[in-house]
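Here is how the chains run, residue by residue.
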Amino acid sequence: MATAVKKSTKKQKETSSTFTWEGIDKKGKKIKGETTAASVSVARATLRQKGINAKKVRKKAAPLFAPKKKPISPADIAIFARQLATMMKAGVPLVQSFEIVADGLENPSMKELVLQLKTEVEGGNSLESALAQHPAHFDDLFCSLVGAGEQAGALETMLDRVAIYKEKSEALKSKIKKAMKYPISVVVVAFIVTVILLLKVVPTFQDLFDGFGAELPAFTQFVIGISEWMQEYWYILIAGIAATIFGLKQAKQRSVSFRNTLDRLALKVPVAGDIIFKATIARFARTLSTTFAAGVPLVEALDSVAGATGNVIYRNAVMQIKEDVSSGTQLNFSMKSTEVFPPMAVQMVAIGEESGALDAMLDKVATYYEDEVDNAVDGLTAMMEPLIMAVLGVLVGGLIIAMYLPIFQMGSVV
């Protein structure tokens, strides 16, 4: 029976369309707008429930050249969770909250998603089941927390916790991206500048050196050799870089073992590995704190935590912890036995278990490591600036020296 209902709901979602309508409201005023429904009759019934006497209801025609839709990002979901939690805390009914949130959204794709959720809730589905229809945007943790809030009659409180969790998670991701974006962008610019010098500047000097009639320094000959190779086989370099990037992406998508290897190597990278380690601990503590505070049993909460860690070493460790906790072992002993969690986190969890405030202690662990990530990112940025300048100086300065070395030698002979 449940499978049949699910299939029916999925079919309704697939056949839903946007309709434009014109009608008269309760005050006799002419109004018009748009609504999402499975058919014209459903659209009329929905408008009738709102007190609107629809005179014209037509299916909205698709534009001939539809612009590419902006994808829905995790940041959009975080904003949606915060806005919905705010509306619910203010006492606004859930369906009306959807309408208010949708009106304030700038991303058309996100607005369409919110209106679909509104239609599904109006059709009698719970918010949890409506969210579960969109697994690409709402993960199991999001849906389970909302479901727990609905069952406990504290949906607004649970939505607030979900919003805090999503906001913290996105803030952590942005910090990691900030740490990686600056050095990568500078290295890319340095590579482009080097290629331009080798392809455009070095050949000019090479023509000049041909008239010297003397043997060039070894360093100059080396740079000219690289320049000649790039002038003749530049397409091989571009194809090689493109093939490498494409191959790595495909391997990461298709090979589980390759992804696991990358996860293990990421933790061993100097400086950056420490940031990834602290971010992983922060995600573990934040997710477990949120789920445990929501009343989710610890064993069930660990399933969501395993997927949220984002690293195969900690995912396997959390699954081992789940097995130990299921057999009656305390959480802190199980964490210590995995030998991948820092002593401070283990001690805080032990204190939380003894005092009966595990969620509060986990929240403090998450906050501590989130601050540590922030400080590490700032330290990495400060350290990378002189290092990057040194690399740029070696690349560009080396090319300049190689080109002017024959001129200096000729001047000393004269």
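Details of the structure are given in the entry above.
Computed from a predicted model, the values in this text were never measured in an experiment.

Help me understand the overall build of the protein chain, please; the structure alone is not making it clear to me.
Along the backbone of the protein chain there are 16 helices and three strands. At 30 Å, the protein chain has a C-alpha radius of gyration far larger than the 22 Å of a compact globule built from 414 residues. The C-alpha extent of the protein chain, read off along each of the three principal axes, is 100 × 65 × 35 Å. The buried share among the 414 residues of the protein chain stands at 38%. For the protein chain, the proportion of contacts with a sequence separation of at least 24, taken over those separated by at least 6, is 60%. Total accessible area on the protein chain stands at roughly 23,800 Å², and carbon and sulfur atoms take up 61% of it.

Before we go on, may I ask you to explain the pattern of salt bridges in this structure?
Opposite charge on two side chains permits them to pair, given that their charged atoms come into close proximity. Within the structure shown, the criterion is met by eleven salt bridges. The partner of Glu370 in a salt bridge is Arg286, and the shortest N-O contact between them spans 3.0 Å. On the criterion of sequence distance, the pair formed by Glu370 in helix H16 (residues 358–413) and Arg286 in helix H11 (residues 272–293) is long-range, its members being 84 residues apart. Judged by relative accessible area, which is 5%, Arg286 ranks as buried. Through salt bridges with shared partners, a single ionic network connects Lys50, Glu99, Lys118 and Glu122.

Even after reading the chapter, I still don't get the layout of surface pockets, so can you show me in this structure?
Empty space among the atoms can be located by rolling a probe the size of a water molecule over them. Here the largest pocket is characterised by a volume of approximately 1,400 Å³. Lining the largest pocket are 39 residues, and of these Ile176, Lys252, Asp263, Arg283 and Gly310 sit closest to its centre. Secondary structure elements with two or more residues in the lining of the largest pocket: helix H7 (140–152), helix H8 (155–210), helix H9 (218–254), helix H10 (256–266), H11 and helix H12 (298–308). For the lining of the largest pocket, the element with the highest residue contribution is H8, accounting for ten residues.

Here is what the cut-offs are and how they apply
- Residues numbered from 1 in each chain as written.
- Predicted model: local features only at pLDDT ≥ 70, side-chain atom pairs only at ≥ 80, totals over all residues.
- Heavy atoms only, no water.
- Helix = DSSP H or I, 4+ residues; strand = E, 2+ residues; numbered from the N terminus.
- Rg over C-alpha atoms; globule rule 2.2 N^0.38 Å.
- Buried < 20%, exposed > 50% of the residue type's maximum accessible area, 1.4 Å probe, protein only.
- Contact = heavy atoms within 4.5 Å.
- Areas by Shrake-Rupley, 256 points an atom, 1.4 Å probe, with all protein chains shown as cover.
- Salt bridge = Lys/Arg side-chain N within 4 Å of Asp/Glu carboxyl O.
- 1 Å grid on protein atoms, 1.4 Å probe; cavity = no way out; pocket = protein on both sides within 12 Å on 5 of 7 lines; lining within 4 Å.
- Points joined across faces, edges and corners; volume = space filled by probe spheres on them.

The values reported here are purely geometric and, on their own, carry no functional implication.
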